[in-house]
Amino acid sequence: MDLKRSRPGQTNRWFAIIPMGYLAFTVGIPLLIITTYSFLSRPDLGVGVKWEFTPISYVRIFVQERLDGTKGFDVRYVKVIWNSFLYSGISTVTTLVLAIPVAVWIATRQAKYRYLLVLLVTLPFWTSILIRTYAIRQLLDEKGVLGQVTSFLGLGDNFQLLYTPTATVIGLTFTSLPFMILPIYASAERFDFRLAEAAYDLGAKKWSVLFRVLLPQISPGIFAGIALVFIPGLGSFLAADMLGGGKTNMIANVVANNFGQARNWPFGSALSVFLCLLTLFFTLLISLKTRKKAEAKK
Amino acid sequence: MKTRKLVNLRSFPLFSTVSYLTFFILYAPIALVIAYSFNVNRTAQIWTGFSTKWYLDVLTNDDIVKAVKNSLIVALPSTILATTLALAATLGLQRMGRKGNTISIILLGAPLIIPEIVLAVGSLCFFLFIGLPIGFIGLIVAHTAFCIPFAMLPIRARLVSLEASSFEAAADLGANEWNIFKRVTLPLLAPGVLAGALLAFAISFDDFITSFFVAGPGSTTLPVYIFGMIRSNVTPAINALSTMLLIGTGGILFASYSLNQDRKK
Amino acid sequence: MVSQKKIGVRIVAIAAALLLLTSCSSSTEDAAESTSTAFPTAQGGELNLYNWTNYIDPEQLKAFTAETGIKVNLDTFDSNETLLAKLQSGATGYDVIVPSDYMVAQMVELGLLEDIGVSSFPNGKNIDPNFMDVYWDKGRNYSAPYMYGSTGIAVNTSDAAANAITSWKDFFNADGVTSVDVLKDQTEVVSAALRASGVAAADLCTTDKTKYVAAQKILDGFKPKVIDSDGGIERMVKESSMVRMAWNGSVNRMVTDNPKIKYVFPSEGLNFWADNLAVPKGAKNIDNAKIFINWMLSPKEGAAATNFTGYGNAVLGSGEFMSPTIKSDPGINVSPENAKLVTPTPNCGTEARDLYTQLFTSWTSNQ
């Protein structure tokens, strides 16, 4: 349905300008301030910024003055950035692999069960992410259920899963599942099974139908799901903080630390800007891909 | 018609197994949290007996009650504001030119794309900059902002699914713009608006990072309080509180589910 | 049963050690400014308290309300920097805050605290003389002492490797043989590493980079099980970890649930910190804040706080009300030999702090 076509009862454009103005104010200005802060210096005392401009914060993401006085390429923050990609990427793939079957399976149930199933998928999403991350923590604790199961399986006492990067990825996966399932389900529900029927009639096997008919048709949902999991995953804070044992650091954790104990607001701002640029880049990438597919369909 | 081939057509290898597995994955940790909430031992994972004392602990804890109140004080105005602005935006967007549309899409997408930590920290700096004392007002301002895009999703979806004919019919019958809006557009959009409001409420109530950075005196919200509990005093009280929240949320969702079922009849 | 006097002596011992190292130049004390108005009386109303998580007994606050009719609203924070950031962002809603020693010094310098003249409060006379002329608030104008403690090592004596630890050097070497946790606090971790590498307590804020090289080596080889300031009590009690860098009060609580744990004073020395009650400038309920602070300086309330948190207090006469287990806690009732090892937490300037940050973030990202 073409929304752009004017219909009666659709009010005037001011209805949109006010909300947009609000967003520009409450989102745009903080971003502007952060960007400005990223070019400022640290004050000698306390927290905040000193109004002296310098690009040093950006330099410090990649270059550090070592203790022996030499300047060198600093892998620390690059590592953190890489980790963010890695963990978010792995959790995206994992949720994808799990979500596609679930979404399609729900879409192929009888109508009266479908709504209930969607509800069951949505319910965890409605609970606080804190609680869900805490649940994973209790689950993975080696003194708890996991420990007893692994002892039983003969994997030795104190099987250590919590406080590792793996735990962070597990946490990310667990909390992101609903975000992947729901968009794919939305696409899957609209899937016209006559296409599959036609394919079977033409002699295609199950796997063929799956990969060559179903998946392409639900790809908008897949892309939406990827966007909803990978991009927020990059900026995730809680999973690494609560499950990583302080040893897993993603970009958000370093930013928070710099606005906290490390007391380096300009540097935290620089990292924030960097993170924003990254997420923006991937968003554009995915939206371009989606648009290309939509155009190809026409 | 299709029923002859229904089962065959709609099933794929392993899909049901994976689905059962995934539902198990989704709920096992939560089930564990609920189970441990009845552990009499202070250390949740060492089970020493059944007890409901932690529930009593939570209910009589003034700070928790206050945190819940604070969360509501922030979430309710944010929801109303965000949903109203979202509704206005959905409608008005159709009247915007190409340029306006592009800018709007960017602005609407911004809170979703920009990592929340950046917005949280940015909001803090922003309020500091303009001298707004951090507290409820700041929280509501910030929450409303990131709730708008979420509230818009169901409203927009609903609008898209409506037939143009309803509006055109009303116009043909001689109704003016305002009347069409009041008596056709709004009622038709109502389910979407309700869904948007619920979504916005959930997002706001559940929010952690922004609330953590922007909370001021006496405005500690529930998630921030729970975070503090997890940080320092880990007892099954956290489990009890989580269970209560789960039941509350589940209850609301099931209520809306059964309402929906009723309406369908 | 340790007599009152002996406890007094031991508290004096640790405080004397601290005094020796904290008082910089000998200064002639300014005559304490006497407030022209009389000390306020309780007339109900509210008090907004901003404290560390789990750092005051809710029952104690209820008792305060019952006695004075003043309702207490409690908010919590997790680090001094959070506290500072909140104040600097103009949060005027807090009446009483609980900054640590070095933070009080910074806040005074930034003009963020009200001069309320704590030492001239009715209960000001109860302040332990050794806590009167501290470097962050000589003469106690801005702050009252709350809890104090040290950051040492908790070990589970049933584990051979853990039991053998007597120094930071041992601690940093223990990660290979047993499970070791550490605080997520760059000041504590880096100063411990500096001490382990032989740096003297007085040099912990040095800007000489060569002194940090050895500390960095120590940290490079150290891979603890968990780097976290929270959940430590739980992990030690259920024996997920056998060793932990911990505050003495935490250990006090660990021991209650698991008597195999004990607190170790590392031979190279350890950090002493003291938390304080202060009133931010522009607080709305200044009178109620004063009343609260004064109330906390009574022997009974000081002891109640100690009994709950497991840390020492600086209120004279509180020994009488402290629980026996607390009084016999070696972390609170410090032996003279151990008292010599305790030195104040380093309060460094920006340059040294940057070096700390550099070491700490290098180390955490190489885990």
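Bear in mind that the values here come from a model prediction, so they are computed numbers and not experimental data.

If you look at the interface, chain A gives 80 residues, while chain B gives 85 residues. Counting residues per element, the side of chain A that touches chain B draws most heavily on helix 1 (residues 14-37) of chain A, at 18 residues. Taken together, the residues that form the side of chain A that touches chain B break down as 56 nonpolar, 17 polar and seven charged.

On to the domain arrangement of chain C. Residue and element names in this part refer to chain C. Each assigned domain of chain C is listed here: domain 1 (4-25 + 39-148 + 272-342) and domain 2 (151-269 + 346-365). Between the C-alpha centres of domain 1 and domain 2 there is a distance of 26 Å. Of all elements in the fold, only helix 4 (101-109) and helix 14 (336-341) reach the threshold of two or more residues within the side of domain 1 that touches domain 2. When the residues that make up the side of domain 1 that touches domain 2 are grouped by side-chain class, the tally is six nonpolar, four polar and one charged.

On to the interface of chain C and chain B, then. Facing the 22 residues of chain C at the interface are 22 residues of chain B. It is strand 2 (residues 70-77) of chain C that contributes the most residues to the side of chain C that touches chain B, four residues altogether. The class makeup of the residues in the side of chain C that touches chain B is five nonpolar, 10 polar and seven charged.

Turning our attention to the nonpolar core. Counting residues in hydrophobic clusters, the biggest one holds 271 residues, and the most contacted among them are Ala103(A), Ile181(A), Ile184(A), Val121(B), Ala151(B), Val96(C) and Ala193(C). Formed jointly, this core draws a minimum of three residues from each of two domains, domain 1 (4-25 + 39-148 + 272-342) and domain 2 (151-269 + 346-365) of chain C. When residues no more than four places from it in sequence are discounted, the contact partners of Ala151(B) are Ala82(B), Thr83(B), Ala86(B), Gly196(B), Ala197(B), Leu199(B) and Ala200(B).

Any two packed helices are characterised by how steeply their axes cross, that is the angle between the axes, and by the distance between the axes. Residue and element names in this part refer to chain A. The N-to-C vectors of helix 7 (residues 165-189) and helix 10 (residues 219-234) enclose an angle of 160°; their axes lie 7 Å apart at closest approach. In terms of their interaxial angle, helix 7 and helix 10 are classed as roughly antiparallel. At the point where helix 7 passes helix 10, the crossing takes the right-handed sense. Residues Leu172, Ser176, Phe179, Met180, Pro183, Ile184, Ala186, Ser187 and Ala188 of helix 7 form the contact with helix 10, whose participating residues are Pro220, Gly221, Ile222, Ala224, Gly225, Leu228, Val229 and Gly233.

It is worth spelling out the environment of Asp63(B) at this point. Tracing the sequence through the fold places Asp63(B) in helix 4 (residues 62-93). For Asp63(B) and Thr220(B), which are 157 residues apart along the polypeptide, the C-alpha to C-alpha distance reads 9.3 Å. Filtering out sequence-adjacent residues up to four positions away, Asp63(B) remains in contact with Tyr225(B) and Leu74(C).

Before going further, it helps to spend a moment on the pairing of strand 2 of chain C. All names here are of chain C. Across the eight residues of strand 2, six count as buried, placing the element largely inside the fold. Summarising the sheet, strand 1 (residues 45-52) and strand 2 pair through eight bridges and their orientation is parallel. If you follow Leu47 over to strand 2, its bridge partner there is Val72. Once the chain exits strand 1 it traverses helix 2 (residues 58-68) before rejoining the sheet at strand 2, and the crossover so formed is right-handed.

What follows covers unusual backbone geometry. Residue and element names in this part refer to chain C. Non-glycine residue Arg140 carries a positive phi angle of around 55°. For Arg140, a count of 23 C-beta atoms within 10 Å puts it in the buried group. Phi is positive for Glu239, close to 65°, though the residue is something other than glycine. Mapped onto the elements, Glu239 comes out in the loop between helix 9 (232-237) and strand 9 (243-247). Looking at Glu239, the number of C-beta atoms within 10 Å reads 17, which means it is partly exposed.

Residue and element names in this part refer to chain C. Confidence along chain C averages 84 in pLDDT terms, with 89% of residues attaining 70 or more. Per-element mean pLDDT across chain C ranges from 42 in helix 1 (residues 4-22) up to 96 in strand 3 (residues 96-97). Low pLDDT, under 50, characterises residues 1-36; the stretch is placed with 54 contacts to residues that sit more than four places away or in other chains. Scoring of the predicted complex yields 0.82 for pTM and 0.83 for ipTM.

On to helix 8 (residues 209-220) of chain C, then. Residues and elements named next belong to chain C. With 12 residues, helix 8 ought to run about 16 Å at 1.5 Å a step, and its terminal C-alpha atoms sit 16 Å apart, in line with that. Burial in helix 8 covers these residues: Tyr212, Ala215, Gln216, Ile218 and Leu219. The buried residues of helix 8 occupy an angular sector of 160° when the element is viewed end-on, so they sit on one face. Of the exposed residues in helix 8, the ones pointing more than 90 degrees away from its buried face are Thr210 and Lys217. Close packing links the buried residues of helix 8 with helix 6 (168-173), helix 7 (186-196) and helix 15 (350-365).

Procedures and definitions
- Residues numbered from 1 in each chain as written.
- Chains lettered and ligands numbered in written order.
- Predicted model: local features only at pLDDT ≥ 70, side-chain atom pairs only at ≥ 80, totals over all residues.
- Contact = placed C-beta atoms within 7 Å.
- Helix = DSSP H or I, 4+ residues; strand = E, 2+ residues; numbered from the N terminus.
- Nonpolar A, V, L, I, M, F, W, Y, C, P; charged D, E, K, R; others polar.
- Domains from an automatic or database assignment.
- Core = buried A, V, L, I, M, F, W, Y, C linked by C-beta atoms within 7 Å.
- Buried ≥ 20, exposed ≤ 12 C-beta atoms within 10 Å, placed from the backbone.
- Axes fitted to C-alpha atoms, helices over the stretch in contact; angles between N-to-C directions.
- Parallel < 35°, antiparallel > 145°, perpendicular 65-115°, else oblique.
- Left-handed = near helix turned anticlockwise from the far one by under 90°.
- Pairing = 2+ DSSP bridges.
- Right-handed = clockwise from strand over helix to strand, strands pointing away.
- pLDDT = per-residue confidence, 0-100.
- Expected span 1.5 Å × (residues − 1).
- Arc of directions from axis to C-beta.

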